[in-house]
Amino acid sequence: MKIALMNEFSQAGKNPVVLEQLESVAAEQGHSVFNVGMNGDNDHRLTYIHLGIMASLLLNSGAVDFVISGCGTGQGALLSLNAYPGVTCGYCIDPSDAYLFAQINNGNALALPFAKGFGWGAELNIRYIFEKAFAGEKGQGYPPERKASQNENASILETVKENIAKDYLQALESLDPELVKTAIGGERFQACFLENCKDEKIAEFVKSRL
């Protein structure tokens, strides 16, 4: 599984800590990690609004399979990512959140608070979150006897979101070009997207904005 990590400007300093834990867990489980957000205060400035654009491009194009996002509270990232079709993002503050989201909602993104509650032992909590988020088979239900109904509801919600939303490329075309240009302006994002994108039309759109 390919996993992208992204965080916005206010939490750029936390990136190395989060990346270390994510890469450690991913290596143990055989996943690959792409650090596409800000990795320091001097990196190109991203807000949680840009994270939504980035996550939607990576997931809808098949460039990655899962996105770990975050901001100060995690709420902005959650709202931004869930604005797009093809993205099902959960809010996660502890390992049980990660486990239950994977088993019940079977989504493809998490939004974490990288400031609120990020105190002593935060790196351990994040590590355990990643372990629960990616270990084992997803969508098995919790409790197990509710698997069928929970999987059905997750599928219905995905269909509802697709039907309500605009065509994805049409929606991207309607966004402020400068907003998109900033979101895709990072070299690490471009490398991850262009090397792994499986959708030619989305790739053409990104190239037109670079």
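Looking at an unreviewed UniProt entry, one finds the protein named RpiB/LacA/LacB family sugar-phosphate isomerase, with Catenovulum adriaticum as its source organism. The record in UniProt for the protein states the following under Sequence similarities (unreviewed entry): "Belongs to the LacAB/RpiB family."

Spatially, 2-1-3-5-4 is the arrangement adopted by the five strands of the open sheet, whose pairing is parallel. Two strands bound the open sheet, and with one partner strand each, they are strand 2 (32–35) and strand 4 (89–91). The sheet shows a mean angle of 25° between the axes of neighbouring strands, direction not considered. Note that strand 4 and strand 5 (residues 109–113) share three bridges and pair parallel. Its bridge partner lying in strand 5, Tyr91 is registered against Ala111. Sheet contacts for helix 3 (residues 75–82): strand 3 (66–71), strand 4 and strand 5; angle to strand 3, the most-contacted strand, approximately 140°.

Before going further, it helps to spend a moment on empty space enclosed by the protein. Enumeration over the complete set of coordinates arrives at one cavity of 30 Å³ or more. Size it by volume and the largest cavity reaches roughly 40 Å³. In terms of lining residues, the largest cavity is bounded by Gly86, Val87, Thr88, Glu158, Lys161 and Glu162.

Checked against the element boundaries, Asn105 lands in helix 4 (residues 95–105). Among all residues touching Asn105, those that are not within four sequence positions of it are Leu100 and Ala154.

This brings us to the side chain of Ser61. Along the chain, Ser61 turns up in the loop between helix 2 (48–60) and strand 3. One polar contact links the side chain of Ser61 to the main-chain carbonyl oxygen of Leu57, over a distance of 2.7 Å. For Ser61, the side chain forms a polar contact with the main-chain nitrogen of Ala63, separated by 3.3 Å.

Most peptide bonds take the trans form, and the phi angle of most residues other than glycine is negative. In this chain, Tyr142 is followed by Pro143 through a cis amide linkage whose omega measures -10°. Looking at the element boundaries, Pro143 is found in the loop between helix 5 (122–134) and helix 6 (147–164).

Our next topic: the UniProt feature "domain: Ribose-5-phosphate isomerase C-terminal" (unreviewed entry) in the protein. Residues given the UniProt feature "domain: Ribose-5-phosphate isomerase C-terminal" (unreviewed entry) here are residues 165–208. Taken end to end, residues 165–208 comprises 75% helix and 0% strand; its first and last C-alpha atoms sit 23 Å apart.

A word on helix 1 (residues 15–29). With 15 residues, helix 1 extends 21 Å from end C-alpha to end C-alpha; this agrees with the ideal 21 Å at 1.5 Å per step. Taken residue by residue, helix 1 has Asn15, Val18, Leu19, Gln21, Leu22, Val25 and Ala26 as its buried positions. On its buried face, helix 1 is in contact with strand 1 (2–5), strand 2, strand 3 and helix 5. A positive phi of about 80° marks Gly30, the residue just after helix 1.

On to the environment of Cys192. One can find Cys192 in helix 9 (residues 187–196). The class for Cys192 is buried, based on a relative accessible area of 1%. Put simply, Cys192 and Lys2 are 190 residues apart on the chain and 9.8 Å apart in space, counted from C-alpha to C-alpha. Excluding residues within four positions of it along the chain, Cys192 makes contact with Phe34, Val36, Leu58, Ala63 and Val64.

Calculation notes
Throughout this document, residue positions are counted from 1 along each chain, in the order its sequence is written. Local features in this predicted model are restricted to residues of pLDDT 70 or higher, and side-chain atom pairs are both shown and tallied only at a pLDDT of 80 or more, whereas totals for entire chains, interfaces and linings draw on every residue. Side-chain measures here rest on the full set of heavy atoms in the structure, leaving out hydrogens and waters. UniProt positions are given in the numbering used here, feature names are shortened, and annotations may be inferred rather than shown by experiment. In short, DSSP must find at least two bridges between two strands for them to pair. Strands are runs of DSSP state E lasting at least two residues, helices are runs of H or I lasting at least four, and both sets are numbered from the N terminus onward. Axes here mean lines fitted to C-alpha atoms, for a helix over just the part in contact, with angles spanning 0 to 180 degrees between N-to-C directions. Every residue pair with non-hydrogen atoms within 4.5 Å of one another is taken to be in contact. Here a cavity denotes a set of grid points, spaced 1 Å apart and computed over the protein atoms alone, in which a 1.4 Å probe fits but from which it cannot get out, and a pocket denotes an open set meeting protein on both sides within 12 Å along at least five of seven lines; residues with an atom within 4 Å of a point are reported as lining. Grid points are joined across faces, edges and corners, and a volume is the space filled by probe spheres set on the points. Pairs of N or O atoms are called polar contacts if they sit within 3.5 Å, as long as, within protein, a hydrogen donor faces a hydrogen acceptor (for residues adjacent in sequence, only side-chain-to-side-chain pairs). In this scheme, a helix's expected span is set at 1.5 Å multiplied by one less than its residue total. Buried, partly exposed and exposed residues are distinguished by accessible area as a fraction of the type maximum, computed with a 1.4 Å probe on protein chains only: under 20%, between the cut-offs, and over 50%, respectively.

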